[in-house]
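# Analysis of the macromolecular model
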Amino acid sequence: MKHIELKGCVREAGNKAVVKAIRKEGNVPCNIYGLGMENVLFTVSAKDLKTITHTPNSYIIDLELNDGKKFFAVLHEIQYHPVTDEALHVDFLAVCESKPVAIDVPVIVTGHSEGVKLGGKLLVSSRKLHISAMMDKLPDVLEVDSTHLMIGKQIVAGDLNFDGVTILSPKATIICSVRPTRATQQAKNEK
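The text that follows walks through the structure, step by step, so that each part is easy to find. (Residues numbered from 1 in each chain as written. Predicted model: local features only at pLDDT ≥ 70, side-chain atom pairs only at ≥ 80, totals over all residues. Heavy atoms only, no water.)

### Regarding the overall build of the protein chain
Helices and strands together make up the secondary structure of the protein chain, namely four helices and 13 strands. For a compact globule of 191 residues, the expected C-alpha radius of gyration is about 16 Å, and the protein chain comes in at 21 Å, more than 25% above that figure. With the C-alpha coordinates aligned to their principal axes, the bounding extent of the protein chain is approximately 75 × 40 × 20 Å. Evaluated residue by residue, the protein chain yields a buried proportion of 36% over its 191 residues. Residue pairs at least 24 apart in sequence account for 65% of intrachain contacts in the protein chain once pairs closer than 6 positions are excluded. (Helix = DSSP H or I, 4+ residues; strand = E, 2+ residues; numbered from the N terminus. Rg over C-alpha atoms; globule rule 2.2 N^0.38 Å. Buried < 20%, exposed > 50% of the residue type's maximum accessible area, 1.4 Å probe, protein only. Contact = heavy atoms within 4.5 Å.)

### Structural notes on the sheet that holds strand E11 (residues 154-156)
With respect to topology, three strands assemble into an open sheet ordered E8-E13-E11, the strand pairing being antiparallel. Because the sheet does not close on itself, it has two edges, and the strands there are strand E8 (121-124) and E11. In this sheet, adjacent strand axes meet at a mean angle of 10 degrees when their direction is disregarded. Bridging between E8 and strand E13 (residues 174-179) involves four bridges; their strand directions are antiparallel. Bridge pairing in E13 places valine 124 opposite cysteine 176. (Pairing = 2+ DSSP bridges. Axes fitted to C-alpha atoms, helices over the stretch in contact; angles between N-to-C directions.)

### What about the pairing of strand E9 (residues 128-133)?
Note: strand E7 (residues 101-110) against E9, six bridges, orientation antiparallel. Bridging from a neighbouring strand, valine 101 pairs with alanine 133 of E9. As paired strands, E9 and strand E12 (residues 165-167) are joined by three bridges and run antiparallel to one another. Within E12, the position partnered with isoleucine 131 by the bridge is isoleucine 167.

### Focus: the nonpolar core
Membership of the largest hydrophobic core comes to 24 residues, with the highest contact counts inside it found for Leu129, Ile131, Leu138 and Ile175. Among the elements that take part in this core, E7 stands out by supplying four residues, more than any other. Ranked by size, the runner-up nonpolar core spans 20 residues in total, among them Leu6, Val40, Ile61 and Ala87. (Core = buried A, V, L, I, M, F, W, Y, C linked by side-chain atoms within 4.5 Å.)

### Quick look at the pairing of strand E4 (residues 60-65)
Here strand E1 (residues 3-10) pairs with E4 via six bridges, running parallel. Note that in E4 the partner of glycine 8 across the bridge is leucine 65. Here E4 runs beside strand E5 (residues 70-80); their pairing, made up of four bridges, is antiparallel. The residue of E5 that forms the bridge with isoleucine 61 is alanine 73. A loop of four residues connects E4 with E5, the two strands running antiparallel in sequence, and glycine 68 in this loop sits at a positive phi of about 95 degrees.

### Some points on the layout of surface pockets
Each pocket or cavity is described by its volume, and for the largest pocket that value is around 300 Å³. Among the elements of the structure, helix H2 (46-53), E5, E7 and E9 are those that each provide at least two residues to the lining of the largest pocket. For the lining of the largest pocket, the element with the most residues is E5, which contributes four residues. Grouping the constituent residues of the lining of the largest pocket by class yields eight nonpolar, six polar and two charged. (1 Å grid on protein atoms, 1.4 Å probe; cavity = no way out; pocket = protein on both sides within 12 Å on 5 of 7 lines; lining within 4 Å. Points joined across faces, edges and corners; volume = space filled by probe spheres on them. Nonpolar A, V, L, I, M, F, W, Y, C, P; charged D, E, K, R; others polar.)

### Considering the state of the cysteines
In this structure the tally under the stated criterion is zero disulfides. Looking at the unpaired cysteine 30, the closest cysteine sulfur is the one in cysteine 9, lying at 11 Å. Take cysteine 30: its relative accessible area is 0%, and that puts it in the buried class. (Disulfide = S-S within 2.5 Å.)

The following block contains the structure:
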């Protein structure tokens, strides 16, 4: 999986006025925790944060703080403003190379399915799946081949198998399906 660098400045816990001042300066208050470590409060530039939040990709974040500490992390949770959609607060989860990492990874459906060739319509239901793998085995994307998918059939998370990857999403999560169209229904009725 791709890594992306993010620089942050350590901060002290503060009241609403302090947090408001941080946001006014164009920064976002953040928190990193996990792996039995103490919570570390820091800020990140809102502009830098958008390289992670405004993309369909998932990344391992190489977080470097101004006090010299470095962490590997994944995006855990983001709180957005209800009107402006600006990030208000971000939680990062610290990860390491010796333990499996749980993360959402984009799904890419490939192939031209048999059902579509017969007049059906391909519907992609899931754009991401929650998976777990060692850091060096994490894929950038999960490719799902729909070539053999017929009309009325679907591919679910339980059908997928990737080397070194455990799918944590429910097995019944529908990835894609081929639905009949009116044209295929009429052709079927005319026979």
